[in-house]
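Here is how the chains run, residue by residue.
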Amino acid sequence: MDSFIINGGKQLKGEIKVSGAKNAVLPLMAAALLSPGESIIENVPNLIDLKTMSHLLRVIGARIEYNEGRLSIDASNCNCFEAPYDLVSKMRASIYVLGPLLGRFHQATVSFPGGCAIGSRPVDLHLTGFEKLGAKIEIKHGNIIAECKGGLKGAEIVFPFVSVGATANLLMGAVLAEGITTIKNAALEPEITHLIDFLNAMGAKIEGKNTNTLVIQGVKELKPTKIKVIADRIEAGTFVIAAAITKSPLKIVNCNPEHLQALFTKLEQAGCHFRIEGDTVLVLPAEVIKPVDVVTEPFPSFPTDLQAQFMAYMTLADGVSHITETIYPDRFLHAAELNRLNADISVKNGTATVSGVKNLSGAKVMATDLRASAALVLAGLVAEGQTTISRIYHIDRGYDKIEEKLSNVGADIQRIIM
Ligand code: EPZ
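All figures in this text were calculated on a predicted structure; none of them were measured in a lab.

Criteria and cut-off values
Residues numbered from 1 in each chain as written. Predicted model: local features only at pLDDT ≥ 70, side-chain atom pairs only at ≥ 80, totals over all residues. Heavy atoms only, no water. Domains from an automatic or database assignment. Contact = heavy atoms within 4.5 Å. Buried area = accessible area lost by both parts, 1.4 Å probe. Salt bridge = Lys/Arg side-chain N within 4 Å of Asp/Glu carboxyl O. Helix = DSSP H or I, 4+ residues; strand = E, 2+ residues; numbered from the N terminus. Buried < 20%, exposed > 50% of the residue type's maximum accessible area, 1.4 Å probe, protein only. Polar contact = N/O pair within 3.5 Å; in protein donor to acceptor, adjacent residues only side chain to side chain. Near = heavy atom within 4 Å. Areas by Shrake-Rupley, 256 points an atom, 1.4 Å probe, with all protein chains shown as cover. Nonpolar A, V, L, I, M, F, W, Y, C, P; charged D, E, K, R; others polar. Axes fitted to C-alpha atoms, helices over the stretch in contact; angles between N-to-C directions. Parallel < 35°, antiparallel > 145°, perpendicular 65-115°, else oblique. Left-handed = near helix turned anticlockwise from the far one by under 90°.

Student: Please explain the domain arrangement of the chain as it appears in this structure.
Tutor: Size of an interface, as often reported, equals the accessible area lost when the parts are brought together. By the assigned domains, the chain splits into domain 1 (3–18 + 231–416) and domain 2 (22–228). Taking only C-alpha atoms, the centre of domain 1 and the centre of domain 2 are 31 Å apart. Between domain 1 and domain 2, the contact holds 20 residues from the first and 17 residues from the second. Carbon and sulfur atoms make up 53% of the surface buried where domain 1 meets domain 2, a total of about 1600 Å² over both sides. When the buried surface of domain 1 facing domain 2 is broken down by residue, Phe299, Tyr328 and Arg397 rank first, second and third, together holding 35% of it. Between glutamate 191 and arginine 233 there is a salt bridge, and its shortest N-O distance comes to 2.8 Å.

Student: In this structure, what is going on with the pattern of salt bridges? I would like to understand it.
Tutor: Oppositely charged side chains are able to pair whenever their charged atoms sit close together. Under the defined criterion, the tally for this structure stands at 16 salt bridges. Of the charged contacts in the structure, one is a salt bridge between lysine 226 and glutamate 42, with a shortest N-O distance of 3.6 Å. Of this pair, lysine 226 sits in strand β14 (residues 226–228) while glutamate 42 sits in strand β3 (residues 38–42), and the two are 184 residues apart along the sequence. Taking relative accessible area as the criterion, lysine 226 reaches 52% and is therefore assigned exposed. You can call glutamate 42 partly exposed: its relative accessible area is 24%. A single salt-bridge network, built from bridges that share partners, covers Asp2, Asp396, Glu403 and Arg415.

Student: Please clarify how the side chain of threonine 280 should be interpreted in this entry.
Tutor: Mapped onto the elements, threonine 280 comes out in strand β17 (residues 280–284). Classification of threonine 280 by relative accessible area gives buried; the value is 16%. Among the polar contacts made by the side chain of threonine 280, one reaches the side chain of aspartate 279 at a distance of 3.3 Å. Beyond its immediate chain neighbours, meaning those up to four positions away, threonine 280 contacts Lys251, Ile252, Val253 and Arg275.

Student: Looking at this model, I keep getting lost on the site of the ligand. Mind explaining?
Tutor: What surrounds the ligand is a group of 23 residues, the closest being Asp124, Ser163, Val164, Asp305 and Ile327. A distance of 3.3 Å separates a nitrogen atom of the ligand from a polar atom in the backbone of proline 122. The fraction of the free accessible surface of the ligand (830 Å²) that becomes covered by protein chains is 85%. For the shell around the ligand, the residue count by class is 12 nonpolar, 5 polar and 6 charged. Formed jointly, the shell around the ligand draws a minimum of three residues from each of two domains, domain 1 (3–18 + 231–416) and domain 2 (22–228).

Student: How should I be thinking about unusual backbone geometry in this particular structure?
Tutor: Negative phi values dominate among residues other than glycine, just as trans dominates among peptide bonds. With an omega of 10°, the peptide bond running from phenylalanine 299 to proline 300 counts as cis. Along the chain, proline 300 turns up in the loop between β18 (294–296) and α10 (307–314). Even without being a glycine, asparagine 185 presents a positive backbone phi close to 65°. When you line up the elements, asparagine 185 lands in the loop between β11 (180–184) and α7 (190–201). Of the residues examined, asparagine 185 reaches a relative accessible area of 25% and is grouped as partly exposed.

Student: When you look at the packing of helix α8 (residues 233–246) against helix α9 (residues 261–270) in this model, what are you seeing that I'm missing?
Tutor: Packed helices, taken two at a time, are described by the angle between their axes plus the distance between the axes. Running from N to C, α8 and α9 cross one another at 15°; their axes reach a closest spacing of 11 Å. As summarised for this structure, α8 and α9 are arranged roughly parallel, according to the angle between their axes. Along this stretch, α8 crosses α9, giving a crossing that reads as right-handed. Residues Gly237, Val240, Ile241 and Ala244 of α8 pack against Leu263, Phe264 and Leu267 of α9. Considered class by class, the residues forming the contact of α8 with α9 number 6 nonpolar, 1 polar and no charged.

Take a look at the structure:
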């Protein structure tokens with residue numbers, strides 16, 4: 001298992017380019033199953049999770065080619081409507097094939113996703129949503145077995161709370177359902193807006209983009225299309241915090257600043273400033289970091305996927321901050337690892353209390369999940385001495401060559417290949 005060794009305390013300088021968004025590519029890849037023919041997705045980063053999704057689509061019978069950020073998916077010859085345990089257990093987003101397979105082939109078997117390091121993560125909203133659209137669903141031998149003879153039928157789905165995954169999955173099913181589907185309390189995340197653009201370009205009829213009510217008029221068939229993936233707002237946000245925590249005036253290029261407003265607001269409260277021009281953000285970091293409270297919520301509020309990284313920043317604030325997680329109340333495994341680096345964090349009932357310290361100090365730590373690993377990298381960049389982060393396969397799931405991007409702006413970070 002690879003590790004990172006970081007010698008902290010280096011000032012960073014220059015530009016970091018943001019890659020395409022993992023969490024946007026995953027549903028687009030599943031959506032490509034909705035039509036025969038070759039769909040093209042451009043600006044695709046080279047990430048483990050996307051390789052896992054490619055593997056799954058190949059099992060289903062799609063032909064996949066990936067070359068320098070261009071992903072081609074030909075779903076003409078799909079003949080196996082199954083997502084097996086070994087792939088679903090590696091990546092929960094495998095559940096995204098349920099909607100397209102039910103929509104186009106009227107059947108799907110998907111291994112039931114278990115828990116993971118950030119919490120229990122049920123899929124009940126996905127399943128009750130498909131039942132509303134007329135699917136019969138059985139859970140047997142650890143599998144979700146779903147079928148809808150004659151196809152899905154439009155219906156009204158009202159989510160009790162916002163779910164990105166359930167919104168995407170139901171959208172992908174509803175586009176080929178007979179009649180009209182209404183999804184209320186739909187997620188507003190940019191990755192959902194992007195999926196709607198892709199589906200509509202395939203010939204779907206979805207109205208209500210950027211609102212929480214989506215109205216889908218089912219169509220008989222879809223055609224393949226081409227799309228360029230939006231910038232990864234979580235990768236961009238991680239680099240913005242890298243600039244803030246190292247007090248370096250970094251330029252983050254190729255991002256969409258509109259997707260980062262909640263982060264900018266909190267960093268401004270901490271004392272940072274930003275110069276935004278088009279798709280470029282120049283971060284002007286705070287000299288003294290003011291403590292700021294954060295509550296994670298669905299978009300456009302503060303994202304759970306930047307909670308760990310923001311916590312790393314707050315460990316060096318001049319005072320006490322509180323970080324409350326409402327999406328995954330157990331997503332705090334990074335707190336104990338940050339404490340190994342001399343942070344002072346205690347967690348109780350879904351809220352972390354972070355008492356700022358003067359300095360972090362390098363130590364051996366362990367990555368527990370994707371964003372936790374990013375938080376440890378950020379902390380390692382400013383910790384005195386050497387930080388070794390083990391189990392960095394987590395970070396390779398969602399950050400394309402993070403060590404290369406950070407070394408290019410002056411960080412002392414090295415991958416040790418075991
Ligand atoms: C997506 O997960 C992202 N994953 C996550 O990114 C992200 O943290 C999350 O949205 C929230 O923004 C992908 O896009 C592949 P949800 P998803 O359904 O869709 C509960 C990362 O680091 N829930 O919006 O699975 C759920 O447990 C990650 O890149 C149910 O109870 O998230 C959570 O508490 C990890 N039943 C809340 O809803 C359901 O059927 C929101 O989850 C579905 C969800």
